[in-house]
Amino acid sequence: MQVNGVSIPLEKPQTLLEFLNEKGYNLHRIAVERNEKIEAKEDYATILLQDSDVIEIVSFMGGGAC
Amino acid sequence: METIKNDTFVLGGKEFHSRFILGSGKFSQQLIRDVMEYGGSEIATIALRRANADSPENILDYLPKNLTLLPNTSGARNADEAVRIARLSRALGCGDFVKVEVIPDTKYLLPDNAETIRATEILSKEGFHVLPYMYPDLIAARRLADAGAAAIMPLGAPIGSNKGLRTKDFIQILIDEIDLPIIVDAGIGAPSQACEAMEMGAAAVMANTAVATADNCPMMAHAFKLAIEAGRAAYLAKLGRVLESGAEASSPLTGFLQD
């Protein structure tokens, strides 16, 4: 998989929720886009990751412009 | 004096008392709360970036809870990227406001007005309250208004430059001609410049770098707050006239001791 621009091998069948928890993401502070589609939080537990997935995990940070 | 007490500012159907929008960039997370408090801001901009699982701290944990968050689309180089960032920001659950920035130029960080109009149109149709950052151009501002913008955010000078109201005459044209709040954004470096923008009739001023690069950030935020309030009051009071030449005494020219 590509996660935030980094190639990560999918070693075992895993849901998006399992992956995010394993990596230590704070679920309240992130949004996830999978293959250019924003996934709803309530779907994380049922989304089975694929090795071809391109995933972006984003959060807010300080910023004014640029 | 009732006018100034009851003076509010409506954006996206929401009423605000403060006309000072603060950017939350460049501050330490510990400092940001003081800056917001001393600036009295009710709206703060934030940016979206790739999340880092290794750093549990998040800007949202440090911002006052009653703030209205205005995510920007920083990093977008065209309308499609801005739309993508705006949708992700909304998915983070902080409301429908978005400051659209489309900046393909990395040297001067100038916005692409045409792509900004395109992004504004798409996002307005999706129910966002869109505040587009733009180069102050009347024709583009009219198109942004037609595209559904909630306000227009013209730049005073290049982002982060602290150079002040270099585009003053063109911002005045937008204030005079566009029936939307005009929020002066970018380049404002000193409270006096924010005050001047407000005296001209700007609805609000946004600043970030001016506060973040001051020696004492909370005190500078406070100075901006006072300047923006002063400028607003002066605008509502309507400035006195300017004489073309000569002088006019402010006390009677009779009853002098030597008469």
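Quantities reported herein were computed from a predicted structural model and do not represent experimental measurements.

Right, let's talk about helix 6 (residues 168-177) of chain B for a bit. Residues and elements named next belong to chain B. Within helix 6, the full set of buried residues consists of Ile 171, Leu 174 and Ile 175. Along helix 6, the residues classed as buried sweep out an arc of 100° about the axis, all on the same side. Facing away from the buried side of helix 6, by more than 90 degrees, are the exposed residues Asp 169 and Asp 176. Elements in contact with the buried residues of helix 6: strand 7 (129-134), helix 5 (138-146), strand 8 (153-154) and strand 9 (183-184).

Turning our attention to the packing of aromatic side chains. Residue and element names in this part refer to chain B. One pass over the structure, following the stated rule, counts two aromatic pairs over all chains. Ring centres of Phe 9 and Phe 16 lie 6.3 Å apart, and the angle between their planes is 50°; this geometry places the pair in the tilted category. A relative accessible area of 2% places Phe 16 in the buried class. For the pair Phe 20 and Phe 224, a centre-to-centre distance of 5.6 Å together with 15° between the ring planes defines the contact as stacked. Taken together, the residues span a long stretch of sequence, with Phe 20 in strand 3 (residues 20-23) and Phe 224 in helix 9 (residues 217-237) at a distance of 204 residues.

Residue and element names in this part refer to chain B. Interaxial distance between helix 5 and helix 6 falls to 10 Å at its minimum, and their mutual angle equals 40°. Looking at the two axes, helix 5 sits oblique to helix 6. Regarding helix 5 and helix 6, the two cross each other, and that crossing is right-handed. Facing Leu 138, Ala 141 and Arg 142 of helix 5, the residues of helix 6 in contact are Ile 173, Leu 174 and Glu 177. Its residues placed into classes, the contact of helix 5 with helix 6 shows four nonpolar, no polar and two charged.

Criteria and thresholds
- Residues numbered from 1 in each chain as written.
- Chains lettered and ligands numbered in written order.
- Predicted model: local features only at pLDDT ≥ 70, side-chain atom pairs only at ≥ 80, totals over all residues.
- Heavy atoms only, no water.
- Buried < 20%, exposed > 50% of the residue type's maximum accessible area, 1.4 Å probe, protein only.
- Helix = DSSP H or I, 4+ residues; strand = E, 2+ residues; numbered from the N terminus.
- Arc of directions from axis to C-beta.
- Contact = heavy atoms within 4.5 Å.
- Phe/Tyr/Trp six-rings, centres within 6.5 Å; stacked < 30°, edge-to-face > 60°.
- Axes fitted to C-alpha atoms, helices over the stretch in contact; angles between N-to-C directions.
- Parallel < 35°, antiparallel > 145°, perpendicular 65-115°, else oblique.
- Left-handed = near helix turned anticlockwise from the far one by under 90°.
- Nonpolar A, V, L, I, M, F, W, Y, C, P; charged D, E, K, R; others polar.

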